[in-house]
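Given next are the chains, with one letter for each unit.
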Amino acid sequence: MKCNWKNTAKNIGLFCTLFTTYFISLNTSLKAAETVVLRYGVWEEAISVTDLQSIAETGQVPQKYKVYTNKFPLEKRQKFLEALQTKKCVNFVTLSRLLYTPVGSTILQDFARLTSRKDDAGMQALRTALVHGSKPKEGLSIISFIQNYPSERLVINLEEVSQVFSNLNLSYQQTNQFMQAITPRLAAKSTKQALPFDPSEAGSGKVQVINLPKLKDEQRQRLVPVDIYWSNSVTPAKPVVILSHGFSSNRTDMRYIAEHLASHGFVVAAVEHIGSNEEYKIDLTDLTTSRLTSMKPQEFLERPKDISFVLDELAKLNQTDKHPLQGKLTTDNAMVIGHSFGGGTALSIAGAELQVDSLKERCPQVLGTTVSAGEGLQCVAKDLPENRYQLQDSRIKQAIALNPTSFLMFGETGLEKVQVPTLILASSKDETTPALTEQIISFNKVPSPKWLIGIVGATHSSIKDPMSTAQREEKKSVEVVGEQAADIRKYMKAITLAFASQMTPEANKYQVFLTPEYARYASTQAFPIRLVTEIPADILKEINNAVSNNQQ
C-alpha cells in the first residue's frame, strides 16, 4: 500500500507519529538488525525482528511474550501495537537535510538515549537508518527502521521514548495545538463583495527580463546575481520591488510574483544570495557530506547588504544613457518581499535588530528540544562577533515577509524596531518555520501599520513558483505545491500587488484587497484565508496557553 501523502498525518496520535517518524527515518540496507532488545526499567526481553514484524502485521502478541506484555496496562499495550503498525510518509529531502545540520546532530544525540551500543557509532547508525528508512513508498515504520539499522542487535530503552519524542519539533506541535484551539473561530462566513477588478489578473504590460548573473560588489568581493523584471507599463511613480529567496533556493523561486508585478508597471529585482542559495543543500547521491552546515554566520549580514547593493546598482542604471530603464527607477522608494530566510532578511532591512546576544543565550536550550529547521538556521548566527546588528536601509519603505524566520534571530525586542508598514504571511502546516512561533508571536511585536495573513492548509513552499517545486510535486512531497497550491499563488499575486500599490497614487483603489473581507472572499474550501491587523485578545490568550503548556 502506497503512502497517501495528503492524509497521512490525519488521525494519528502524537505519540505514534513521533515514535514512528524517528524509527522509520533510520533505515539502511547494510548489516540489518536481527534481534531487538526491549528494555523497560529492570525488565528486558529480546525479540526477533521476524516476531516483531508478525506482531505488527497481525496485531497479535505470541504466547511466549504475553507473560511480559500482560504486566502492562491495556492502554500501553495498545499504544505499543499502534506504534508498530503506523506508517508515516516523510519528506526524504527535508529529513536528509535536517540530519546533517548542527540541529540534526543534537536531535540524534537525544535519540541516542533510546538505544544502547558498546561503540561510539550510535549517532551515525541512527542517521543512516533514518535516511534510508524514509525511502519506502509505503512510508516509514518501526519495522522498516529496525530492518535497516546497521547492527545485528538493537537495544531500545522504552522509558526514554516518551520524553525524547515529546520534544520533537516543539514549535510545530505548539502551532498544531494553537490551530486546533482557534479553528472553530475561523469558520468562513458567507460573504459577497462587489469588487472593482481582479488583482490576480495580469496587467497590460508585456514582461521582459534583464539577466545580470555576474553582477559583483567589488567592495565585498561578492557576486550578487539579479534578474530584473519590467514591462512597457513601467512608471517611476511605482516603487522598485526587491525579491529575497529562502535558504537553499535561488532567485527564480518567486518568479510568478515578479512577472505579475512587472505586468502592472513595477520594476522587480530578484536577488540571489550566493552564500545561502541552492548550492547549500545535500547531495542526495552522497549523504556522507553536506554543504548545509558550511553556511557562514556572516550570511545574516551579507543578505541585507546584497539588497542595498542592488538598489545602488539600479540607481546607476536609472542614470545610464540609452538604458531601457533610464529615468524609470525609483530606488529611494522601494519595497522588499522575502520568503523564509528571505523573510527574515526582509525584516532585517526593514529595521528589525539582529540580536546575537539573545541567540547565544537561547540556542543551547533550543537545539536540545526542537527540530524546526528554521530555528536551527537562525542559530547559525550566534557565532557572529557583535551582540547587536542594525541592518536597515532607509530606501526600503514597505516589507512583505512570507513564512519568515524571526523568532530567535530578533530576540525579544528586535522586531519592535521595524520602521515600515509590514505584511507577514503564515501557513498552518509549515514545519520549517512553524506559524505560531515564527510569524504569529513575532507579528505581535511588530509596530503598526501591519497585516498578518494566515492560510490554513498551506505549507512552507506553497507560495513558491511551480517550476521551483516541480521535483517535489513529482515525488509526491508532503509540501502542498504546484497545481495543488494554485489558489494560494493566485491570492499571493493579488495581495502583493495590492500591498505594493499602497506606495502609488492608486493606493485607494487597492485598499479593499487588504481587508479581512477580501481574505474570506478569496478563501477556498481547501485553503481558508484570514487577515488581521491586530491579534484579538482572546486569540492572544490561546497563543500564551499553547506556548506555556509546552514549557512546563
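In the block above lies the structure referred to throughout.
In this text the structure is predicted, and so the values were computed from the model without any measurement.

A. Looking closely at the overall build of the protein chain. Check the secondary structure of the protein chain and you find 21 helices and 16 strands. The 552 residues of the protein chain split such that 56% are buried.

B. Spatial organisation of the packing of helix H12 (residues 299-318) against helix H13 (residues 341-349). Where H12 meets H13, the axes come as close as 9 Å, and the angle between the chain directions of the two elements is 70 degrees. Classified by the angle between their axes, H12 and H13 sit roughly perpendicular to one another. Seen from above, H12 lies across H13 with right-handed handedness. Side by side, H12 and H13 meet where Glu-299, Phe-300, Arg-303, Pro-304, Ile-307 and Ser-308 of the first sit next to Phe-341, Gly-342, Thr-345, Ser-348 and Ile-349 of the second. When its residues are assigned to classes, the contact of H12 with H13 shows 5 nonpolar, 4 polar and 2 charged.

C. Inspection of the state of the cysteines at higher detail. In this structure the tally under the stated criterion is 1 disulfide. Across the disulfide, Cys-363 is cross-linked to Cys-379 (sulfur-sulfur distance 2.1 Å). Negative torsions about the S-S bond denote left-handed disulfides, and the value of about -95 degrees found for Cys-363 with Cys-379 makes this one left-handed. Residue Cys-363 is found in helix H14 (residues 356-366), and its partner Cys-379 is found in helix H15 (residues 373-379); the two are separated by 16 residues along the sequence.

D. Just the pattern of salt bridges, in detail. Within this structure, the stated rule accounts for 21 salt bridges. Where Asp-51 meets Lys-64, a salt bridge forms, and the shortest distance between an N and an O atom there is 3.2 Å. Within this pair, whereas Asp-51 is found in helix H2 (residues 49-58), its partner Lys-64 is found in helix H3 (residues 63-69), the two being separated by 13 residues in sequence. Residue class for Asp-51 comes out buried when judged on its relative accessible area of 17%.

E. Region of interest: the packing of aromatic side chains. Per the stated rule, a full pass over the model turns up 8 aromatic pairs. Ring plane angle 75 degrees and centroid distance 5.2 Å describe the contact between Phe-197 and Tyr-510, whose orientation is recorded as edge-to-face. On the criterion of sequence distance, the pair formed by Phe-197 in the loop between helix H10 (170-182) and strand E4 (207-212) and Tyr-510 in helix H19 (residues 507-510) is long-range, its members being 313 residues apart. Given the relative accessible area of 25%, Phe-197 is considered partly exposed. Relative accessible area serves as the criterion here: at 4%, Tyr-510 is assigned to the buried category. Among the aromatic residues, those joined into a ring-pair cluster are Phe-197, Tyr-491, Tyr-510, Phe-513, Tyr-518 and Tyr-521. In this structure, Lys-450 is placed above the aromatic ring of Phe-443, and the distance from its NZ or CZ to the ring centre is 4.5 Å.

F. Representation of the nonpolar core. Counting 65 residues, the largest nonpolar core has Ile-242, Val-310 and Leu-314 as its most contacted members. Among the elements that take part in this core, H12 stands out by supplying 8 residues, more than any other. Ignoring any residue separated from it by four or fewer positions in sequence, one finds Leu-314 in contact with Ile-228, Val-240, Ile-242, Ala-269, Leu-329 and Thr-331.

G. View of H12. The end-to-end C-alpha separation of H12 is 28 Å, in line with the 28 Å expected for 20 residues at 1.5 Å each. In terms of burial, H12 is a largely internal element, 16 of the 20 residues being buried.

H. Representation of the side chain of His-460. Among the structural elements, His-460 can be located in the loop between strand E15 (450-455) and helix H17 (470-474). Note on His-460: relative accessible area 6%, which makes it buried. A polar atom in the side chain of His-460 sits 2.8 Å from the side chain of Asp-430. Of the polar contacts made by the side chain of His-460, one reaches the side chain of Thr-433; its length is 3.2 Å.

I. Representation of helix H18 (residues 486-500) in the model. Taking 1.5 Å of rise per residue, the 15 residues of H18 would be expected to cover 21 Å, and the 21 Å separating its terminal C-alpha atoms lies within 8% of that figure. With 11 of 15 residues buried, H18 lies mostly within the body of the structure. Those residues of H18 not exposed but buried are Ile-488, Arg-489, Tyr-491, Met-492, Ala-494, Ile-495, Thr-496, Leu-497, Ala-498, Phe-499 and Ala-500.

J. Up close: the packing of helix H11 (residues 255-263) against H18. It is the contact of H11 with H18, at a shortest axis distance of 10 Å, that shows an interaxial angle of 45 degrees. Here H11 is positioned oblique relative to H18, judged by the angle of their axes. You can see that H11 and H18 cross each other, and the crossing is right-handed. Residues Tyr-256, Ile-257, His-260 and Leu-261 of H11 form the contact with H18, whose participating residues are Arg-489, Met-492, Lys-493, Thr-496 and Leu-497.

K. Layout of the sheet that holds strand E8 (residues 240-244). Sheet architecture is open: 9 strands sit in the order E4-E7-E9-E8-E10-E13-E14-E15-E16, paired in mixed fashion. Strand pairing shows two members of the sheet lacking a second neighbour, E4 and strand E16 (529-532), which therefore form its edges. Strand-to-strand, the axes of this sheet are offset by a mean angle of 15 degrees, without reference to chain direction. By the bridge criterion, 4 bridges tie E15 to E16 in an arrangement that is antiparallel. Bridge pairing in E16 links Leu-452 to Val-532. Strands in contact with H12 are strand E7 (226-231), E8, strand E9 (267-271), strand E10 (334-339) and strand E13 (396-402); relative to E8, the strand with the most contacts, it is inclined by about 150 degrees. Taken strand by strand, helix H16 (residues 435-443) contacts strand E14 (422-427), E15 and E16, and its axis lies near 150 degrees from that of E14.

Conventions adopted
- Residues numbered from 1 in each chain as written.
- Predicted model: local features only at pLDDT ≥ 70, side-chain atom pairs only at ≥ 80, totals over all residues.
- Heavy atoms only, no water.
- Helix = DSSP H or I, 4+ residues; strand = E, 2+ residues; numbered from the N terminus.
- Buried < 20%, exposed > 50% of the residue type's maximum accessible area, 1.4 Å probe, protein only.
- Axes fitted to C-alpha atoms, helices over the stretch in contact; angles between N-to-C directions.
- Parallel < 35°, antiparallel > 145°, perpendicular 65-115°, else oblique.
- Left-handed = near helix turned anticlockwise from the far one by under 90°.
- Contact = heavy atoms within 4.5 Å.
- Nonpolar A, V, L, I, M, F, W, Y, C, P; charged D, E, K, R; others polar.
- Disulfide = S-S within 2.5 Å.
- Salt bridge = Lys/Arg side-chain N within 4 Å of Asp/Glu carboxyl O.
- Phe/Tyr/Trp six-rings, centres within 6.5 Å; stacked < 30°, edge-to-face > 60°.
- Lys NZ or Arg CZ within 6 Å of the ring centre and 35° of its normal.
- Core = buried A, V, L, I, M, F, W, Y, C linked by side-chain atoms within 4.5 Å.
- Expected span 1.5 Å × (residues − 1).
- Polar contact = N/O pair within 3.5 Å; in protein donor to acceptor, adjacent residues only side chain to side chain.
- Pairing = 2+ DSSP bridges.

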